[in-house]
Amino acid sequence: MKQVLLGSTALVAVGTAMGVMAQPALATDPIKLSVNGYYQNVVTYSDQDGATDFKKVAFRHEGEVDFNGETKLDNGLTVGFSARLEIVNTGSTNGPSDEVYMYFDGGFGKVQLGSKETAAYLMHYQAPYVGIGVNTPDFAPYENNGAPTSTYLVQTNDANKITYFTPQFSGFQLGFSYVPDTTNTDGNTQGFGVLPKGGVGEQEDWVSLAAAYTREFGAVEIGLSAGYEFASLGSNDGAGTFDDFKGYSFGGIVGFSGFTVGGSYAKFNNGLAGDNDGKAWDLGVIYETGPWGFGLTYFNGEDEGSSAEAKLFDIAASYTVNDGIKFAGGVILGDFDPAPASGADDKAIAVYFGTFLTF
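These numbers come from a predicted model, not from an experiment. (Residues numbered from 1 in each chain as written. Predicted model: local features only at pLDDT ≥ 70, side-chain atom pairs only at ≥ 80, totals over all residues. Heavy atoms only, no water.)

## Description of the overall build of the protein chain
Along the protein chain, the regular secondary structure elements total two helices and 16 strands. Out of the 359 residues in the protein chain, the part that is buried amounts to 42%. With the model as given, the accessible surface of the protein chain reaches about 17400 Å², and the carbon-plus-sulfur share is 59%. (Helix = DSSP H or I, 4+ residues; strand = E, 2+ residues; numbered from the N terminus. Buried < 20%, exposed > 50% of the residue type's maximum accessible area, 1.4 Å probe, protein only. Areas by Shrake-Rupley, 256 points an atom, 1.4 Å probe, with all protein chains shown as cover.)

## A closer look at the confidence of the model for the protein chain
In the predicted model, the protein chain carries a mean pLDDT of 90, and the fraction of residues at 70 or more is 90%. Of the regions scoring below 50 in pLDDT, residues 1-22 engages in 51 contacts with residues more than four places distant in sequence or in other chains. (pLDDT = per-residue confidence, 0-100. Contact = heavy atoms within 4.5 Å.)

## Points about the nonpolar core
Ranked by internal contacts, the top residues of the largest apolar core, which has 21 residues, are Ile132, Tyr142, Leu312 and Ile332. Within the residue set of this core, elements represented by two or more residues are strand E12 (278-289), strand E14 (308-322), strand E15 (325-337) and strand E16 (347-358). Apart from residues lying up to four places away in sequence, Tyr142 is in contact with Gln48, Val134, Pro137, Leu312, Ile332, Phe336 and Ala348. Counting residues in each nonpolar core, the second largest holds 14 residues, with Ala119, Met123, Ala159 and Phe165 among its members. (Core = buried A, V, L, I, M, F, W, Y, C linked by side-chain atoms within 4.5 Å.)

## Thoughts on unusual backbone geometry
A cis geometry characterises the amide bond from Asp337 onward to Pro338, with omega recorded as 0°. Mapped onto the elements of the fold, Pro338 is located in the loop between E15 and E16. For Asn270, which is not a glycine, the phi torsion comes out positive at approximately 60°. Mapped onto the secondary structure, Asn270 falls in the loop between strand E11 (259-268) and E12. Phi is positive for Ser307, close to 60°, though the residue is something other than glycine. Its location among the elements puts Ser307 in the loop between strand E13 (292-303) and E14. Overall, the relative accessible area of 53% leaves Ser307 in the exposed class.

Okay, structure coming up:
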């Protein structure tokens, strides 16, 4: 998966890339377009009635189509792009497009430019699962209470950025991202004008650092990750409410004899002063035999500022028809303290069945 390089910053990588590109760099073939993506359709039954009554049955779906283009130049440099189209309305104010970025890939590593997650996000490992999961899930058939929902560092999301990954070396890889501004975390086009600076409570000049290690020892596979992100506060209010952002994450998985066991942890200060940290962790185990998969995952999220805590269990089974079709069903148990502000109960149970397509 990932490995370490000579020269350790994105600027070094860009300089190297530009040096390679300065050589005669004709492509044997023009950029060729390919299409892939996924579509997920899930039926859920949820019971979390409290002060407010909620519908029990819901039909949920989510999907994206990726348009990818790539070519390899005669000097060995690979140039490509990816554009992701949302095929289910997500309520984004920026239209149906999601991630859009280009990349240069060669002996120096890989440089990405555009709208894509940070290195710490992309290199992160979480607990394994076979159902819909409870760590940054696409579907949440329950009402949360404001506690963190992820061990990924998601604060910059798909804001425009530059990211650099080193080549792999003996199982190690490093990553680096720089994000000038997160005013629009879905990827501001920045075609015209300039970004304002020094907004009250706004974080600027984000840096994301990541490392990962993957190795096989006989029949055992190991994956480890660590990430750290920080940003500078634009300006504070009179009460000193805000602070520079700081956050870190760890994750690891081990695979052996059909089993995969893993977990992850993250902590971040939410860009706030005082005791306002958010933290989350998960643990999980799955067993796969032939087309069948069985899993148990636990997630815990806690916000110190609001004293909100969420505990979630996902018990699931799956059946894979082929590489592009999987059926999965399971039960999610939720325990929330305090109860969600929506009026939902502090206990939840959700049963789900879904069809998961990839192409």
